[in-house]
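Here's the letter readout for the chains.
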Amino acid sequence: MAHLLEMTGVSKAFPGVKALTDVSIFLDKGEVLGIVGENGAGKSTLMKIVAGVYTPDDGELRLEGEAFAPRQPRDSLDAGIIVIHQELSLVPDRSVAENIFLGNLPHDRLGRVRRKALNQHAKTLLARVGLDVAPQTRVRQLGIAQQQLVEIARALSRQARVIVMDEPTATLTTAEQTILFATIRALRSAGVGLVFISHHLEEVFEICDRVVVLRDGAAVEMRPTSEWNETGLIQAMVNRPIDALFPPRHAAIGDVVLAVEGLTSAGHFEDVSLELRAGEVLGLAGLIGAGRTEVLKAIYGALPISGGRVRVQSRDVVIRAPRDAIAAGVALVPEDRKAEGLVLPFSIRSNVAMSTLPRLSWLRTVLAPGRMDRLAEHAVADLRIRASGIGQTVQSLSGGNQQKVVIGRALTTKPRIFLLDEPTRGIDVGAKVEVYRLINALAEQGAAILVVSSDMIELLGLCDRILIMRTGRIAGAVPRAEFSQERIMHFAALG
Ligand SMILES: Nc1ncnc2c1ncn2[C@@H]1O[C@H](COP(=O)(O)OP(=O)(O)OP(=O)(O)O)[C@@H](O)[C@H]1O
Ligand SMILES: [Mg+2]
């Protein structure tokens, strides 16, 4: 019998990079195929070919045995192929319901949009993905995890034969992930073929029936999940030994460098107090919407506060605006790299140098372009950014490599206090270890690090102490000696 979807000998090159070389994979009805590989391995490119976004240079696609050559996204949609892209594509100023049914809005006989039916139907779909927001809410007001769930609801609104999820869980917490997995299982039982791309290998083991490994644009191995183990999978992905996911840290914990006292931002969070010490890595856990990102922004002076204060103890400075934070040696690595982090059409060079530019001054930048080049080249080498060179535009980098550019840029200001919001979101295992090493090295040099992460394993492996937020308040604190996943989940869910 013919496969649901089959790709044979697919190749695709971009100027300066061969993204895919002779890739052959297949997907059957009622199964979940996992695709794993390092950042830049070609996973998204392969799925963009299925989505009709790119046409392959070589090779062919078959859908239930018939030749299938999508020329544009519409062709794939019409064939029942839904791809939820890694970089989300919602319209920020439209409502949640309108986004779900975009290009597919229910009309009455006079051609007017049937609002009531629209919102009603949207409500049902939102319940299925476990997203508790009104259908009328503007997408702009949602966090990225919530936007991710809207994308998934949109996929459910269509009659899908194939659903591709490109890192759907990168932004989700455990509770939302559980709901998503229940949805995936239901779709699978209904005969849909699903492709699941993720850097969270434990999820790949849990949900996928077969797993294919892409490396440097080639499909190196495809096997049933039962024939893989974690070490084997990592080995196939990175092709070099990785000894420990969390390398040991030898940092002396010193004086308090950052003191947050009774910080409140009306409508976001209340009465948050914490102390961060030199050499310390402090975690901030909690569910989506608990207020973690907002706390980081407020500490940085980027979110208005209605009470309390933030003092950089070591410099005796009170932060009121981002420029105070930068001047006091505080850096923020934001969660939403697209909205706040990067200028996508610019090169790696310009993006990395951006936060140092005011200090370098434009004139000196023009006179000493070598300085910018060196900063960017360091970032590329230290973080193993996969690119054709520092002149490559950030928008043409893979998702994980974009994230590395954001981190590289924060490092150039030589801060002493780091506020990291989901620093390894979308980053492959090999590169994660690099980021952890970097965090360790910074702590060992006396920097203080506050890290928000939805990846519990990461917080447990990395932090000296974890604070847990729940509905805008600090619900608990756990020192390393008492770390356990249950303890932290308990605080996060029940307070
Ligand atoms: N539009 C483009 N122009 C130039 N190069 C591109 C373009 N799209 C992708 N690439 C390059 O193709 C390679 C594969 O990228 P792709 O996005 O498929 O990786 P990925 O496996 O999805 O990585 P990640 O895990 O980081 O999302 C990378 O080297 C990337 O820089
Ligand atoms: Mg990708």
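All figures in this text were calculated on a predicted structure; none of them were measured in a lab.

One pass over the full model with this rule turns up three aromatic pairs. Here Phe14 and Tyr54 contribute two aromatic rings whose centre-to-centre distance is 5.1 Å and whose plane-to-plane angle is 70°, an arrangement assigned as edge-to-face. Remark: Tyr54 occurs in the loop between helix H1 (43-50) and strand S4 (58-63) and Phe14 occurs in strand S1 (residues 5-14); sequence separation between them is 40 residues. Looking at Phe14, the relative accessible area reads 27%, which means it is partly exposed. Note on Phe246 and Tyr436: the rings are 4.8 Å apart at their centroids and 25° apart in plane angle, and the pair reads as stacked. One end of the pair, Phe246, is in the loop between helix H8 (230-238) and strand S11 (256-265); the other, Tyr436, is in helix H17 (residues 429-444), and 190 residues separate them in sequence. Overall, the relative accessible area of 23% leaves Phe246 in the partly exposed class.

What surrounds ligand 1 is a group of 22 residues, the closest being Gly40, Lys43, Thr45, Ser398 and Gly400. Lys43 has a polar side-chain atom sitting 2.7 Å from an oxygen atom of ligand 1. Within the side chain of Ser44, a nitrogen or oxygen atom sits 2.8 Å from an oxygen atom of ligand 1. If ligand 1 stood free it would expose 640 Å²; the protein chains cover 91% of that surface. Among the secondary structure elements, those contributing two or more residues to the shell around ligand 1 are strand S2 (17-27), H1 and helix H16 (399-411). Among the elements that line the shell around ligand 1, the one with the most residues is H1, at three residues. Of the residues that constitute the shell around ligand 1, the class distribution is six nonpolar, 12 polar and four charged.

With that settled, consider unusual backbone geometry. Positive phi is not limited to glycine here, since Arg384 has a value of about 50°. The phi torsion at Glu422 lies on the positive side, around 50°, for a residue other than glycine. With respect to the helices and strands, the residue Glu422 is situated in the loop between strand S17 (417-421) and H17.

We now examine the layout of surface pockets. Volume-wise, the second largest pocket comes out at about 800 Å³. Put simply, the parts of the chain that give the lining of the second largest pocket at least two residues each are S2, H1 and H16. Among the residues making up the lining of the second largest pocket, the classes are represented as 10 nonpolar, 18 polar and seven charged.

Further remarks concern the sheet that holds strand S20 (residues 473-479). Overall, mixed pairing links the six strands, which are arranged S16-S17-S18-S13-S19-S20 in an open sheet. Taken across any chain shown, the strands that pair with only one partner, and hence form the sheet edges, are strand S16 (330-333) and S20. Between one strand axis and the next, the sheet turns by 20° as a mean value, whatever way the strands run. Here strand S13 (residues 281-286) runs beside strand S19 (residues 465-470); their pairing, made up of five bridges, is parallel. Looking across to S19, one finds that Ala285 is bridged to Ile468. Sitting on the sheet, H17 is in contact with S13, S17 and strand S18 (448-452), with an inclination near 145° to S18.

All right, on to the pairing of S2 then. In the sheet, S1 pairs with S2 via seven bridges, with the strands oriented antiparallel. Its bridge partner lying in S2, Leu5 is registered against Leu27. Two successive antiparallel strands, S1 and S2, enclose a turn made up of two residues, where Gly16 displays a positive phi of approximately 90°.

All right, on to the nonpolar core then. By size, the foremost hydrophobic cluster in this structure holds 49 residues, and its most contacted members are Ile100, Ile163 and Ile184. The element best represented in this core is helix H5 (residues 144-156), accounting for seven residues. In this structure, Ile163 is in contact with Ile82, Ala155, Leu187, Val192, Gly193, Leu194 and Val195, ignoring residues within four places of it in sequence. Counting 45 residues, the second largest nonpolar core, distinct from the first, contains Leu383, Ile390, Ala447 and Leu462.

Let us now look at the domain arrangement of the protein chain. Entries for the protein chain in the domain assignment read domain 1 (5-238) and domain 2 (256-494). Here the C-alpha centre of domain 2 lies 29 Å away from the C-alpha centre of domain 1. Taken together, the contacts link 25 residues of domain 1 with 27 residues of domain 2. Taken over both partners, the interface formed by domain 1 and domain 2 buries close to 2000 Å², and the fraction arising from carbon and sulfur atoms is 55%. The three residues of domain 1 that bury the most area against domain 2 are Asn39, Glu87 and Ile144, which together make up 29% of that side's buried surface. Viewed at the interface, domain 2 and domain 1 are joined by one salt bridge. The closest approach of N and O atoms between Asp216 and Arg386, which form a salt bridge, is 2.9 Å. Applying the counting rule to domain 1 against domain 2 returns six residue pairs in polar contact (both at pLDDT 80 or more). Of all the secondary structure elements, the ones that give two or more residues to the side of domain 1 that touches domain 2 are H5, helix H6 (174-189) and H8.

Along helix H19 (residues 485-494), the residues classified as buried are Ile488, Phe491 and Ala492. In an axial view of H19, the angular spread of the buried residues amounts to 95°, which keeps them on one side of the axis. Those residues of H19 that are exposed and aimed more than 90 degrees away from the buried face are Glu486 and Leu494. Buried residues along H19 sit in contact with S13, helix H18 (456-462), S19 and S20.

So, how was this worked out
Residues numbered from 1 in each chain as written. Chains lettered and ligands numbered in written order. Predicted model: local features only at pLDDT ≥ 70, side-chain atom pairs only at ≥ 80, totals over all residues. Heavy atoms only, no water. Phe/Tyr/Trp six-rings, centres within 6.5 Å; stacked < 30°, edge-to-face > 60°. Helix = DSSP H or I, 4+ residues; strand = E, 2+ residues; numbered from the N terminus. Buried < 20%, exposed > 50% of the residue type's maximum accessible area, 1.4 Å probe, protein only. Near = heavy atom within 4 Å. Polar contact = N/O pair within 3.5 Å; in protein donor to acceptor, adjacent residues only side chain to side chain. Areas by Shrake-Rupley, 256 points an atom, 1.4 Å probe, with all protein chains shown as cover. Nonpolar A, V, L, I, M, F, W, Y, C, P; charged D, E, K, R; others polar. 1 Å grid on protein atoms, 1.4 Å probe; cavity = no way out; pocket = protein on both sides within 12 Å on 5 of 7 lines; lining within 4 Å. Points joined across faces, edges and corners; volume = space filled by probe spheres on them. Pairing = 2+ DSSP bridges. Axes fitted to C-alpha atoms, helices over the stretch in contact; angles between N-to-C directions. Contact = heavy atoms within 4.5 Å. Core = buried A, V, L, I, M, F, W, Y, C linked by side-chain atoms within 4.5 Å. Domains from an automatic or database assignment. Buried area = accessible area lost by both parts, 1.4 Å probe. Salt bridge = Lys/Arg side-chain N within 4 Å of Asp/Glu carboxyl O. Arc of directions from axis to C-beta.

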